[in-house]
Amino acid sequence: MTERYQVTLFSQLGPRAGTLTLERRGARVTGTLELVGFQNPLEGERLPGGSLLLRHQLHTAMRDFSCITRLELQGRGLTGWTTAPECRMRWSGVRLQEDAPASVSPLSPRKRG
């Protein structure tokens, strides 16, 4: 089952909007986090109780972070934390409808025109 979420990662430099795509097959979870212009592959597992434990790199313009993320899925929403050796960042997000565009976040930059 594939799920897409519009997410916000609350970093030390401020909130960052992105899209999280998850593919769940049994307890195995794979996917991609699109954030600040980078595609970050991830993998992990669904834990007893339903939370997700994910391992991934977080690529930024300044450096890369090795991360462990724990997410709680609650209805159409998600919350959680990413832990890296240098920092800890909070997540929030909402599941997108199948036909909804991923660029609906109020934190996304708007085009002027």
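Here, the structure is the one placed above.
Residues numbered from 1 in each chain as written. Predicted model: local features only at pLDDT ≥ 70, side-chain atom pairs only at ≥ 80, totals over all residues. Heavy atoms only, no water.

Novice: Explain the layout of surface pockets here, please?
Specialist: One number sums up the size of the largest pocket: a volume of about 330 Å³. Taken together, 16 residues make up the lining of the largest pocket; nearest its centre are Ser11, Gln12, Leu13, Thr60 and Phe65. Taken together, the elements giving at least two residues each to the lining of the largest pocket come down to strand E1 (2-11) and strand E8 (87-95). Across the lining of the largest pocket, the residue classes tally to 10 nonpolar, three polar and three charged. (1 Å grid on protein atoms, 1.4 Å probe; cavity = no way out; pocket = protein on both sides within 12 Å on 5 of 7 lines; lining within 4 Å. Points joined across faces, edges and corners; volume = space filled by probe spheres on them. Helix = DSSP H or I, 4+ residues; strand = E, 2+ residues; numbered from the N terminus. Nonpolar A, V, L, I, M, F, W, Y, C, P; charged D, E, K, R; others polar.)

Novice: What's the story with the pairing of strand E2 (residues 14-25) in this structure? I'm lost.
Specialist: Working note: regular strand, side chains alternate between the two faces of the sheet. Here 10 bridges tie E1 to E2, and the two strands are oriented antiparallel to one another. What sits directly across from Gln6, in E2, is Thr19. Between E1 and E2, which pair antiparallel one after the other, the connecting turn spans two residues. For E2 and strand E3 (residues 28-35), the ladder comprises eight bridges, and the chain directions are antiparallel. Considered in E3, the bridge of Thr21 is made with Thr32. Turn length for the E2-E3 hairpin, with the two strands adjacent in sequence and antiparallel, is two residues, and the turn residue Gly26 shows positive phi of about 65 degrees. (Pairing = 2+ DSSP bridges.)

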